[in-house]
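What follows is the residue order along each chain.
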Amino acid sequence: MPEESTPRRERKRTVQQMVVVGIIATAIGIAIGLTIHWFPPADSTQADKIDTLWDVLIIATVPVFVLVTVIVCFAVIEFRMRPGEENLDGPPIHGNTRLEVIWTAIPAILIVGLVTYAYVVMRDIEEAPAAGNERVVTVTGQQFAWSFAYNEGGKRFTTAQLYLPAGKSVKFDVKSKDVIHDFWVPDFRMKIDAVPGITTHYRVTPKNPAAIGDHAIVCAELCGLGHAFMRQTAHILAPAEFDKWVQKMTAKPAAGGGGGGGGGAAVNAKQLFTSGNASTGATACATCHTLADAGAQGQVGPDLDKVLKGKDAAFIKESILDPNKVIAPGYQPNVMPPNFGDTLSAEQVDALVKYLSTVTNK
Ligand code: CUA
């Protein structure tokens, strides 16, 4: 057997082995990529097309990843330095035009193809429904809560939780009052920045009936210390239930807990503490604070059983309306929403102050 033909034959065998390894790895990679549940349930009509796009991207990119990895492995094994070759120079290589054209053209075609496909999907899912068939909800981000403004048949109201009917298209007008936030309902897949000074948009159609139920709303842009707590709920209702909810929200507000005397007001305040005031966008205190009497265990803000002990009503009121005035040791300013004076009525603030003053000074 001639001396120089042995390495060449070996190399050919290695290439064949690498091709086999590459094909097997590609098949396994694509199978795993398509089996894993990457996303939460697809609960909007837009979600299906986005998930399909993702699957196509997996099928297109796994072979590229495997090809690159296999070539790197092949080169490392095949062209490694052997003992005695320490001072040898590599062969002089001056390029290979045909190879360079190929490895530029193939990725370029692949990328143009995928970009075109993604563009078509995006144009598809952003298409407006027939005029008049759409509800517009204005979503406003503010450190650290979302609020949702409706205009239902000319009646306007704002809520802290999102309610939508299943099967109907909704266009979100997304705004911000302070810094950049990002409005995202993972189950619907769509997501967009809320940027101060401009209004951004997207539309979704929650599936009917698959989407009926609760879905997490999260802020997807780091916006400050309370970013991780900027989470609310999208309630998707059957259309008839949604109409009932709209009626409830647009009906004249019933006289609040004033009628029940002292005890009634206390119950009212406790409920306010644990649940907030959805109709005006007031965040629940219990989301962030600990208070034994209300069973609240929030860790974001100070433990009210401790910091309010021995404090008078005036201090408590000031802490609710102007939270940055006195900051408890170990906590940061600008975490607590500064707008409780707007989102709570004067009666609600007074009831909260009375309640907090009572339960923290037992
Ligand atoms: Cu708002 Cu993160």
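1. Considering the pattern of salt bridges
Argument step 1. Taken as a whole, this structure holds 11 salt bridges when the rule is applied.
Argument step 2. Close ionic contact of Asp48 with Lys207 constitutes a salt bridge, the shortest N to O distance being 3.1 Å. Placement of Asp48 in helix α2 (residues 45–78) and of Lys207 in the loop between β8 (200–204) and β9 (213–219) is noted, with a sequence separation of 159 residues between them.
Argument step 3. The partner of Lys49 in a salt bridge is Asp124, and the shortest N-O contact between them spans 3.3 Å. Of the two residues, Lys49 sits in helix α2 while Asp124 sits in helix α3 (residues 97–125), which places them 75 residues apart along the sequence.
Argument step 4. Taking the relative accessible area as the measure of exposure, Asp124 reaches 33% and is therefore partly exposed.

2. Describing the packing of α2 against α3
What describes two packed helices is the angle between their axes and the distance between those same axes.
Argument step 1. Relative orientation of the contacting elements α2 and α3 amounts to 175°, with a least axis distance of 10 Å. Comparing the axis directions of α2 and α3 gives the class roughly antiparallel. Judged by residue contacts, Gln46, Lys49, Ile50, Thr52, Leu53, Val56, Leu57, Ala60 and Val64 of α2 engage Leu110, Leu114, Tyr117, Ala118, Val121, Asp124 and Ile125 from α3.
Argument step 2. When the residues that make up the contact of α2 with α3 are grouped by side-chain class, the tally is 12 nonpolar, 2 polar and 2 charged.

3. Focus: the domain arrangement of the chain
Argument step 1. By the assigned domains, the chain splits into domain 1 (6–79 + 102–125), domain 2 (134–250) and domain 3 (269–359).
Argument step 2. The C-alpha centroid of domain 2 is placed 36 Å from the C-alpha centroid of domain 1.
Argument step 3. The interface is formed by 13 residues belonging to domain 1 together with 13 residues belonging to domain 2.
Argument step 4. Summed over both sides, the interface between domain 1 and domain 2 buries roughly 1,000 Å², with carbon and sulfur atoms accounting for 52% of that surface.

Cut-offs and rules
- Residues numbered from 1 in each chain as written.
- Predicted model: local features only at pLDDT ≥ 70, side-chain atom pairs only at ≥ 80, totals over all residues.
- Heavy atoms only, no water.
- Salt bridge = Lys/Arg side-chain N within 4 Å of Asp/Glu carboxyl O.
- Helix = DSSP H or I, 4+ residues; strand = E, 2+ residues; numbered from the N terminus.
- Buried < 20%, exposed > 50% of the residue type's maximum accessible area, 1.4 Å probe, protein only.
- Axes fitted to C-alpha atoms, helices over the stretch in contact; angles between N-to-C directions.
- Parallel < 35°, antiparallel > 145°, perpendicular 65-115°, else oblique.
- Contact = heavy atoms within 4.5 Å.
- Nonpolar A, V, L, I, M, F, W, Y, C, P; charged D, E, K, R; others polar.
- Domains from an automatic or database assignment.
- Buried area = accessible area lost by both parts, 1.4 Å probe.

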